[in-house]
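Notes for the structure review
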Amino acid sequence: MTATQLPMPTLSQTLWPVTQSSSFVRQAILAITGSLLLWVSAKIQVPLWPVPMTMQTYVVLALAAFMGRRLAVTTVLLYLLEGLAGLPVFAGSVAGPAYFVGTTTGYLVGFLLAAYMVGYMAERGWDRKILPALLMMTAGHVIIFISGLTWLIILNPKALGLVDSLTFAYQVGLQPFWLATILKTTLAMLTMPFLWQLVKSRKISS
């Protein structure tokens, strides 16, 4: 018989402990700040072949690890609601309800799913060491791409059958982003263990 592993404190809970009196204010501040970071990350355009790289998926995964699953999902949902309301929070200047029926819809849903999964894994300590963090961030990106590619297969206007739909989804939704995804996964993998090490060294020195 194995015991169920209880959630561990996330980095946000370690740096800003949850109290009954400050719980709502804390969550509101973190969620709003996180949604602003997602907004900024969507506007960042890093020159990269074959397409420029935004930092959006990196921030989604890093926030999820930092916050834990519930607050991370709330933050991503707030960000999506801002875009639904017409605020220019996505890459480019297009926003509003029409944006949610385009080619990126599956990736936006993937943000929510990945935020939950990565946040859940972070609550089990996967973000504290390099190898588990690599597996966690890879899983997050896999979830985002599965969701995004599934939507592209459904959306494929050619309707030429499953094989052609898969080719369309791969060429549009995955092939141009291999290098960027590897770089962002690596960066996300390094971020959380580095921050935990800083927190640990600060506690030791104090």
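A short tour of the structure in this document, coming up. Because the structure is predicted, anything quoted here is derived from the model rather than measured. (Residues numbered from 1 in each chain as written. Predicted model: local features only at pLDDT ≥ 70, side-chain atom pairs only at ≥ 80, totals over all residues. Heavy atoms only, no water.)

Our next topic: the overall build of the chain. When you go through the chain residue by residue, the secondary structure sums to eight helices and zero strands. Put simply, the chain runs from its N terminus to its C terminus through helices and strands in the order α-α-α-α-α-α-α-α. For 206 residues, the compact-globule estimate of 2.2 N^0.38 gives 17 Å, and the C-alpha radius of gyration of the chain, at 18 Å, lies within 12% of that figure. Seen along its three principal axes, the alpha-carbon backbone of the chain occupies a region of about 60 × 40 × 35 Å. Evaluated residue by residue, the chain yields a buried proportion of 42% over its 206 residues. In the chain, once contacts between residues fewer than 6 apart in sequence are set aside, the share between residues at least 24 apart is 69%. By element, 73% of the accessible surface of the chain is carried by carbon and sulfur atoms, the whole surface being about 11400 Å². Side chains of the chain give 12 positive and 4 negative charges; the mean places of these two sets differ by 11 Å. (Helix = DSSP H or I, 4+ residues; strand = E, 2+ residues; numbered from the N terminus. Rg over C-alpha atoms; globule rule 2.2 N^0.38 Å. Buried < 20%, exposed > 50% of the residue type's maximum accessible area, 1.4 Å probe, protein only. Contact = heavy atoms within 4.5 Å. Areas by Shrake-Rupley, 256 points an atom, 1.4 Å probe, with all protein chains shown as cover. Lys, Arg positive; Asp, Glu negative; His and termini not counted. Charge placed at Lys NZ, Arg CZ, Asp CG, Glu CD.)

The next subject is the pattern of salt bridges. Tallied over the entire structure, the rule returns two salt bridges. One salt bridge in this structure joins Glu123 and Arg69, with 2.0 Å as the shortest N-O distance. On the criterion of sequence distance, the pair formed by Glu123 in the loop between helix H5 (105-122) and helix H6 (130-155) and Arg69 in helix H4 (residues 69-84) is long-range, its members being 54 residues apart. Arg69 gets classed as buried once you look at its relative accessible area, which sits at 14%. Arg124 is the partner of Glu123 in a salt bridge, and the nearest nitrogen-oxygen pair spans 3.4 Å. Arg124 matches Glu123 in its accessibility class, with the two residues each being buried. Three or more residues are tied together by salt bridges with common partners; here these are Arg69, Glu123 and Arg124. (Salt bridge = Lys/Arg side-chain N within 4 Å of Asp/Glu carboxyl O.)

With that settled, consider a nonpolar patch on the surface. Side chains of Leu15, Trp16, Phe24, Val25 and Ile29 sit close together on the surface and give an oily, nonpolar patch of about 510 Å² of accessible area. It is helix H2 (residues 23-43) that contributes the most residues to the nonpolar patch, three residues altogether. Structurally, Ile29 can be placed in helix H2. By relative accessible area, which is 39% here, Ile29 ends up partly exposed. (Patch = residues over 30% accessible without salt bridge, like charges linked within 9 Å, V, L, I, M, F, W, Y side chains within 5 Å.)

Let us now look at the packing of aromatic side chains. Counting across every chain of the model gives five aromatic pairs. Ring centres of Phe90 and Tyr99 lie 4.3 Å apart, and the angle between their planes is 10 degrees; on these two criteria the pair is classed as stacked. Grouping residues by exposure puts Phe90 and Tyr99 together as buried. Both rings, one in Phe90 and one in Phe100, keep their centres 5.8 Å apart while their planes meet at 75 degrees; by these two values the pair is edge-to-face. Of this pair, Phe90 sits in the loop between H4 and H5 while Phe100 sits in the loop between H4 and H5, placing them ten residues apart in sequence. Among the residues examined, Phe90 registers a relative accessible area of 1% and is labelled buried. Members of the aromatic cluster, connected to one another through ring pairs, are Tyr79, Phe90, Tyr99 and Phe100. Its guanidinium or amino end placed over the ring of Trp196, Arg128 lies 3.9 Å from that ring's centre, counting from NZ or CZ. (Phe/Tyr/Trp six-rings, centres within 6.5 Å; stacked < 30°, edge-to-face > 60°. Lys NZ or Arg CZ within 6 Å of the ring centre and 35° of its normal.)

With that settled, consider the environment of Ala91. Tracing the backbone shows Ala91 in the loop between H4 and H5. On the basis of relative accessible area, Ala91 is assigned to the partly exposed category, the value being 32%. C-alpha of Ala91 to C-alpha of Gly125: the two residues are 34 residues apart in sequence and 32 Å apart in space. When near neighbours in sequence (up to four residues on either side) are disregarded, Ala91 contacts Ala42, Lys43 and Tyr99.

Structurally, Gly86 is set in the loop between H4 and H5. Gly86 gets classed as partly exposed once you look at its relative accessible area, which sits at 41%. Along the backbone, Gly86 and Thr186 are 100 residues apart, and their C-alpha atoms lie at a distance of 33 Å. Beyond its immediate stretch of four places on either side in the chain, Gly86 contacts Ala95 and Gly96.

So, about the packing of helix H3 (residues 56-67) against H4. Viewed as axis vectors pointing N to C, H3 and H4 meet at an angle of 145 degrees, and their least axial separation amounts to 8 Å. In contact with Gln56, Leu63, Ala64 and Met67 of H3, H4 contributes Leu71, Ala72, Thr75 and Tyr79. Class assignment for the residues of the contact of H3 with H4 results in six nonpolar, two polar and no charged. (Axes fitted to C-alpha atoms, helices over the stretch in contact; angles between N-to-C directions. Nonpolar A, V, L, I, M, F, W, Y, C, P; charged D, E, K, R; others polar.)

Position of Thr57 among the secondary structure elements: in helix H3. For Thr57, a relative accessible area of 13% corresponds to the buried category.

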